[in-house]
Amino acid sequence: MAGESKRMPDKKGRFGPYGGRYVPETVIYALDELERCYRQFKKDRRFRSELKGLLADFVGRPTPLYYAERLTAFLKGPEIYFKREDLNHTGAHKINNTVGQILLAQRMGKKRIIAETGAGQHGLATATVCARFGMSCIVYMGTEDMKRQKPNVEKMRLLGAKVVPVTSGSATLKDATSEALRDWVTNVRSTFYVLGSVVGPHPYPMIVRDFQTIIGRETRRQSLRLFKTPPDAIIACVGGGSNALGIFADFLKDDQVKLIGVEAAGYGLTSGQHAAPLAKGKPGVLHGAFSYLIYDDDGQVILPHSISAGLDYPGVGPEHSLLKDSGRVTYGTVTDAEALRAFEQVSRLEGIIPALETSHALAWLMKHKRKFKKNEKIVVCLSGRGDKDMPIVASAGMLDE
């Protein structure tokens, strides 16, 4: 795509030592087919024109770069701006990627679509584009996440998607992804797997990143118009990591722009109940790729924990793993309690209810505001809106007053 990240993986789908393909042989054919199709159509004028039109008229892009005036005054330091991905159709950044992938599925002649989801935003975005294009849609979702994200489950079913409950393991995103991959292995010739983040076997981390780089391209144009320079820092939450890479990619070569990714520390990094593989994990293989993840001495994946369903994942995208090792991106962590406080404070200060995922990025900024000079321009990727998280917030006792 025009302006896509120049940090392409090599021919084997690796970002340095990370990435690659660790999948059954039956899936290699489908991955090769997908990569050929993507490389063909990303240069096709009609494909690019259709994608651009849908992003404008169906998704609602460009999203604003919003000056958070009251949060800025509250922090008494840097100027804070929100890149408003919460204003996209379906309420999150996920639809940028699902629109692109569904256009690929259409050109490959595949009408059976499967997806995995944690917070429900990717599942909702996939169900939405399937309804728009008249395709069948099956979404795998852990039963724990189905309880936490009931509004999104209801929306997916309204749109005609079949939501398949996953009861194995922690019944969250990791297990939903495993079930989706099993389905794809079984039905690989008839099915298109719309993967939701920059994870999984090559070419998915590349494809998802490239479709999400529209966030960063818009942010650069808007920053130059507003500030005459790029922002001083960009902060985004990191689960699998698609919203973060989407906004970081266009600034990776701008060494003066600080890039900060924020993982979920759950009950604390020493508690053993967190979702912070970059902070506390080691390289290993999960869901078809080599990257940082959390696992025990026997090599068994440790069940992650985060109050945010979208960050409740034991791994991370391979490109994030390389960016951690290189030091180009700084990665921090935020606990459940800190994210909940930021959720409430930003809602009351700005009249914008952020997703719990985004609240981790906001909490990191509020906790580390002294790292920034007064009047520095800080952009936070507001990856999604928080109405989906109200049942979680209510269960945490925040709405008892």
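It should be noted that the structure appears before, not after, this text.
Residues numbered from 1 in each chain as written. Predicted model: local features only at pLDDT ≥ 70, side-chain atom pairs only at ≥ 80, totals over all residues. Heavy atoms only, no water.

### With respect to the nonpolar core
Line of reasoning, step 1. The biggest cluster of nonpolar side chains holds 87 residues, and the ones touching the most others in it are L104, M156 and W184.
Line of reasoning, step 2. In terms of residue count, helix 1 (residues 25-41) provides more of this core than any other element does, 7 residues in total.
Line of reasoning, step 3. Beyond its immediate chain neighbours, meaning those up to four positions away, M156 contacts T117, G120, G123, L124, A127, V139, M141, A161 and V163.
Line of reasoning, step 4. In this structure, A233, V334, A361 and V380 belong to the second largest nonpolar core, which totals 25 residues. (Core = buried A, V, L, I, M, F, W, Y, C linked by side-chain atoms within 4.5 Å. Buried < 20%, exposed > 50% of the residue type's maximum accessible area, 1.4 Å probe, protein only. Helix = DSSP H or I, 4+ residues; strand = E, 2+ residues; numbered from the N terminus. Contact = heavy atoms within 4.5 Å.)

### Some words on the sheet that holds strand 6 (residues 136-142)
Line of reasoning, step 1. Across the sheet, 4 strands lie side by side as 7-6-5-8; this open sheet has parallel pairing. Since the sheet does not close on itself, it has two edges, and those belong to strand 7 (162-166) and strand 8 (191-193), each with one partner. The mean inter-strand angle of the sheet, taken between neighbouring strand axes irrespective of direction, is 25°.
Line of reasoning, step 2. Docked against the sheet, helix 5 (residues 121-133) engages strand 5 (112-117) and strand 6, running at close to 160° with respect to strand 5. (Pairing = 2+ DSSP bridges. Axes fitted to C-alpha atoms, helices over the stretch in contact; angles between N-to-C directions.)

### Focus: unusual backbone geometry
Line of reasoning, step 1. For the peptide bond that leads from R61 to P62, omega is 0°, which places it in the cis range.
Line of reasoning, step 2. Examined against the element boundaries, P62 turns out to sit in the loop between helix 2 (45-59) and strand 3 (65-67).
Line of reasoning, step 3. Of note, the bond from H202 into P203 is cis; its omega dihedral lies within 30 degrees of zero at 20°.
Line of reasoning, step 4. Within the secondary structure, P203 is located in the loop between strand 8 and helix 9 (204-212).
Line of reasoning, step 5. Even without being a glycine, K76 presents a positive backbone phi close to 55°.

### Some points on the pairing of strand 5
Line of reasoning, step 1. Along strand 5, 5 of the 6 residues are buried, which leaves the element largely enclosed by surrounding structure.
Line of reasoning, step 2. Alignment of strand 5 against strand 6, held across 6 bridges, turns out to be parallel. Counted as the bridge partner of T117 is M141 from strand 6.
Line of reasoning, step 3. Note on the crossover from strand 5 through helix 5 to strand 6: the handedness is right-handed.
Line of reasoning, step 4. In this structure, strand 5 lies alongside strand 8, joined through 3 bridges in parallel fashion. Looking at strand 8, one finds that I113 is bridged to F192. (Right-handed = clockwise from strand over helix to strand, strands pointing away.)

### A short note on helix 15 (residues 356-367)
Since there are 3.6 residues in each turn of an α-helix, residues three or four apart along the chain are aligned in direction.
Line of reasoning, step 1. Along its 12 residues, helix 15 runs 16 Å from first to last C-alpha, staying within 8% of the 16 Å computed at 1.5 Å per residue.
Line of reasoning, step 2. Among all positions of helix 15, only L356, E357, T358, S359, H360, A361, L362, A363, W364, L365 and M366 are buried. (Expected span 1.5 Å × (residues − 1).)

### Focus: the side chain of R84
Line of reasoning, step 1. Tracing the chain through its elements places R84 in strand 4 (residues 79-84).
Line of reasoning, step 2. Residue contacts for R84: discarding those within four places in its chain leaves T63, P64, Y66, I352 and L382.

### As for the sheet that holds strand 4
Line of reasoning, step 1. Sheet architecture is open: 6 strands sit in the order 3-4-14-9-10-13, paired in mixed fashion. Two strands in the sheet have a free side with no partner beyond their single neighbour: strand 3 and strand 13 (329-335). The average angle at which neighbouring strand axes cross in this sheet is 30°, direction not considered.
Line of reasoning, step 2. With 5 bridges connecting them, strand 9 (residues 233-237) and strand 10 (residues 258-266) associate as parallel partners. For I234, the partnering residue across the bridge sits in strand 10 and is L259.

### A short note on the packing of helix 4 (residues 94-107) against helix 5
Line of reasoning, step 1. Interaxial distance between helix 4 and helix 5 falls to 9 Å at its minimum, and their mutual angle equals 40°. By the angle class used here, helix 4 and helix 5 are oblique. Crossing of helix 4 over helix 5 shows right-handed handedness. Across the interface between the two elements, K94, I95, N97, T98, V99, I102, L103 and Q106 from helix 4 touch Q121, H122, A125, T126, T128, V129, C130 and F133 from helix 5.
Line of reasoning, step 2. Class assignment for the residues of the contact of helix 4 with helix 5 results in 8 nonpolar, 7 polar and 1 charged. (Parallel < 35°, antiparallel > 145°, perpendicular 65-115°, else oblique. Left-handed = near helix turned anticlockwise from the far one by under 90°. Nonpolar A, V, L, I, M, F, W, Y, C, P; charged D, E, K, R; others polar.)

The values reported here are purely geometric and, on their own, carry no functional implication.
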